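The lines below spell out each chain.
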Amino acid sequence: MRAAQIRRHLGAPSALLPRTGTEHGLPSTTPQLLRGTVAPAAAAKAARAPALNLEFSPRDYITYLLSIDAEIEHCLMVQYLYAAYSLGGPQVPEEFRDSVRTWQEVILGIAKEEMGHLISVQNALRLIGSPLHMEREDEPWDSPFYPFPFTLEPLTLDSLAKYVYAESPVDWDGGALGDEIRLRVHAQTADPHQVAALFNTLIPLVADPDYLPDAAFDASTLPAQADFAEWGRGYQGGHRGRPSGQPTQTPDVLVVPQTCRDDMVAALHAIAQQGEATSGTTASHFVRFLRIYVEMRELIERTPLTAEHWNAARPPDFAAPQWQALQPESKAGLLAGARPGRATWAPARQVAINPYVSLDPDDDGSDESATATRISHPESALWATLHNIRYRMLLNYLIHSFTLYGGLNSAGAITPRGAIVNATFGEMYNLRAISEILMQSPVSADDPAAGYAGPPFQMPYTLNSPFGEANKWRGHLDLLTASASVVEALQLLTPESRHAYLASLREADRNMRELILRILSGNIDTALL
């Protein structure tokens, strides 16, 4: 959704919610749209009710909030991926590289969990008969409920502070550490928000049968929803990284199918808990980002955090013993082993902020703002174009999966749904491979000091699904054809060391093309479509 659309529907950030009127003595079918248009007794009660947005019914308003949540999960996932891919490089001192690699893996784990959140929100939309929502904005922007303006940028203490704040509980004070983080955040955006605020609005409405009736939930959508058996790939109950060394286990990806109100409420609670959890022994996104912030701060600014300051940062409902156990280990030993007189270092490469590739041959980047960087290096621009195509393929496959039945396999037969799910995972791996190439590829054709390109993650002109099952598969073929043209051009420009990846990509695409043609020929069980 465009920022203007969000603001028009929400109005001021404090705008209150549409109500059905049941609590004011009115029939549930009589919305409290305008004060003074009901019987006098009811009008007196309605005078204490909030003003309403006239465009929404209850189910539509829930759809709207779920769509905002989907955009937030999508935006956070992409920004976390970019930040994680930016980490590392020759500028990182040898003694700090293990720490930086751990930060990278932990943030990649969080991004995978955000992908699970995005998929689970699509399940919720599917359950109440609403359109799927995979859209998000390309350009930096801000709007009510959105944590901060969307920005693809390398990981720094400033960007990390935004991630901590976005994932923090709404009542988090944090003591001196919290003040420091908020100071960094407010220096970058005037009106930051916490993701928890959206869940605090959304969950009570979904849970209220007087607001959202039972008839809104359609259990028959379950076979087309995503579930952990298909999408989890073993990412469950994993350890999220240690203060030193590589993470020993996997992230905990939540993919929650839903059949009723209680399922949706539980799914939304689980997503919110994974982001901001302030109880138990599981490190939420908030805690994991805060730990990385504390470690990075010590290694870059040589400012260790005392136990007193860590304890003061404890959220009110987080048990003190568990919070104390989560305090990062001091990096004093690493700092003591660092070479004397070492200059300030950066954990991330010098990568572009909001990189983009333009299809306009006359676009020389001269009109770009300070918040966007055109990739002008010929080879890098081709890799960025390939990245955009594969990103679109991933989103199209994901959307298509919610219209198919049959699971990964059926009595050993190839199913369309299984093909789409496997293809989606294939594109996740392709995006990481291409992103790592772009993080080491020059952004500028004529300025070597401009740094590296980075993956653009540009949204396609449309994610609308075509009418008819056959046309969906033809759309996948179109993108495979577009990718093949870019791969062919890259083979002429890219060094020999990258030809092996391009060859494997062409082979995988050839197999997918043959499978799609088989499906289009009717050589599958059409009941699974």
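Scroll up to find the structure this text is about.
Computed from a prediction, not measured in an experiment: that's the story for all the values here.

Peer 1: I'm lost on the packing of aromatic side chains in this one. Help?
Peer 2: Ring pairs (aromatic) are described by centroid distance and by the angle formed between their planes. Following the criterion strictly, the structure yields 14 aromatic pairs and no others. Ring centres of phenylalanine 318 and tryptophan 323 lie 5.2 Å apart, and the angle between their planes is 70°; on these two criteria the pair is classed as edge-to-face. Each member of the pair, phenylalanine 318 as well as tryptophan 323, carries the same accessibility label: buried. Through pairs of rings, three or more aromatic residues link up here, namely Tyr80, Phe148, Tyr163 and Phe289. A cation over a ring is seen here: arginine 182 above tryptophan 172, with NZ or CZ 5.8 Å from the ring centre.

Peer 1: Is there a simple way to think about the pattern of salt bridges in this case?
Peer 2: Close approach of charged atoms allows side chains with opposite charge to pair. In total, this model carries 18 salt bridges according to the counting rule given. Put simply, arginine 184 and glutamate 301 hold a salt bridge, and the shortest N to O gap is 3.0 Å. Here arginine 184, found in helix 6 (residues 175-188), pairs with glutamate 301, found in helix 10 (residues 285-301); they are 117 residues apart in sequence, far enough to count as distant. When the shortest N-O distance is used, the salt bridge between arginine 390 and aspartate 509 registers 2.8 Å. Of this pair, arginine 390 sits in helix 14 (residues 378-401) while aspartate 509 sits in helix 17 (residues 499-520), and the two are 119 residues apart along the sequence. Across the pair, aspartate 509 and arginine 390 agree in class, each one buried.

Peer 1: Got a minute to help me understand empty space enclosed by the protein in this structure?
Peer 2: Which parts of space are left empty comes out when a probe the size of a water molecule is rolled across the atoms. Within the structure shown, the criterion is met by two cavities of 30 Å³ or more. Counted as a void, the largest cavity has a volume near 90 Å³. For the lining of the largest cavity, the elements supplying multiple residues, two or more each, are helix 3 (58-86), helix 4 (97-127), helix 5 (157-167), helix 7 (195-207) and helix 9 (261-276). Here the element with the most residues in the lining of the largest cavity is helix 9; it accounts for four residues. Classifying every residue of the lining of the largest cavity by side-chain character gives seven nonpolar, three polar and four charged.

Peer 1: Would you explain the nonpolar core in this entry?
Peer 2: As a rule of thumb, soluble globular proteins bury nonpolar side chains together. In this structure, Ile62, Leu66, Ile181, Leu290 and Trp383 are the most contacted members of the largest nonpolar core, which totals 141 residues. It is helix 3 that provides the largest number of residues to this core, a total of 18 residues. If we ignore the near neighbours within four places in the chain, the residues touching tryptophan 383 are Ile434, Ile437, Leu438, Leu490, Thr494, Arg498, Tyr501 and Leu502.

Peer 1: Help me understand helix 14 in this model?
Peer 2: A turn of α-helix holds 3.6 residues, and therefore any two residues three or four places apart point the same way. Here helix 14 is 24 residues long and its end C-alpha atoms lie 35 Å apart, about the 34 Å a rise of 1.5 Å per residue gives. Of all 24 residues in helix 14, 21 are buried, a share of seventy percent or more.

Peer 1: Just checking my understanding: could you explain helix 6 for this structure?
Peer 2: For helix 6, which comprises 14 residues, the first-to-last C-alpha distance of 21 Å matches the rise-based estimate of 20 Å (1.5 Å per residue) to within 8%. The complete set of buried residues in helix 6 reads Gly175, Leu177, Gly178, Ile181, Arg182, Arg184 and Val185. When helix 6 is viewed along its axis, its buried side chains cluster within an angular range of 165° and face the same direction. Of the residues in helix 6, the exposed ones pointing more than 90 degrees away from the buried face are Leu183 and Ala187. Tucked into the core, helix 6 has its buried residues touching helix 5, helix 10 and helix 11 (307-312).

Analysis parameters
Residues numbered from 1 in each chain as written. Predicted model: local features only at pLDDT ≥ 70, side-chain atom pairs only at ≥ 80, totals over all residues. Heavy atoms only, no water. Phe/Tyr/Trp six-rings, centres within 6.5 Å; stacked < 30°, edge-to-face > 60°. Buried < 20%, exposed > 50% of the residue type's maximum accessible area, 1.4 Å probe, protein only. Lys NZ or Arg CZ within 6 Å of the ring centre and 35° of its normal. Salt bridge = Lys/Arg side-chain N within 4 Å of Asp/Glu carboxyl O. Helix = DSSP H or I, 4+ residues; strand = E, 2+ residues; numbered from the N terminus. 1 Å grid on protein atoms, 1.4 Å probe; cavity = no way out; pocket = protein on both sides within 12 Å on 5 of 7 lines; lining within 4 Å. Points joined across faces, edges and corners; volume = space filled by probe spheres on them. Nonpolar A, V, L, I, M, F, W, Y, C, P; charged D, E, K, R; others polar. Core = buried A, V, L, I, M, F, W, Y, C linked by side-chain atoms within 4.5 Å. Contact = heavy atoms within 4.5 Å. Expected span 1.5 Å × (residues − 1). Arc of directions from axis to C-beta.

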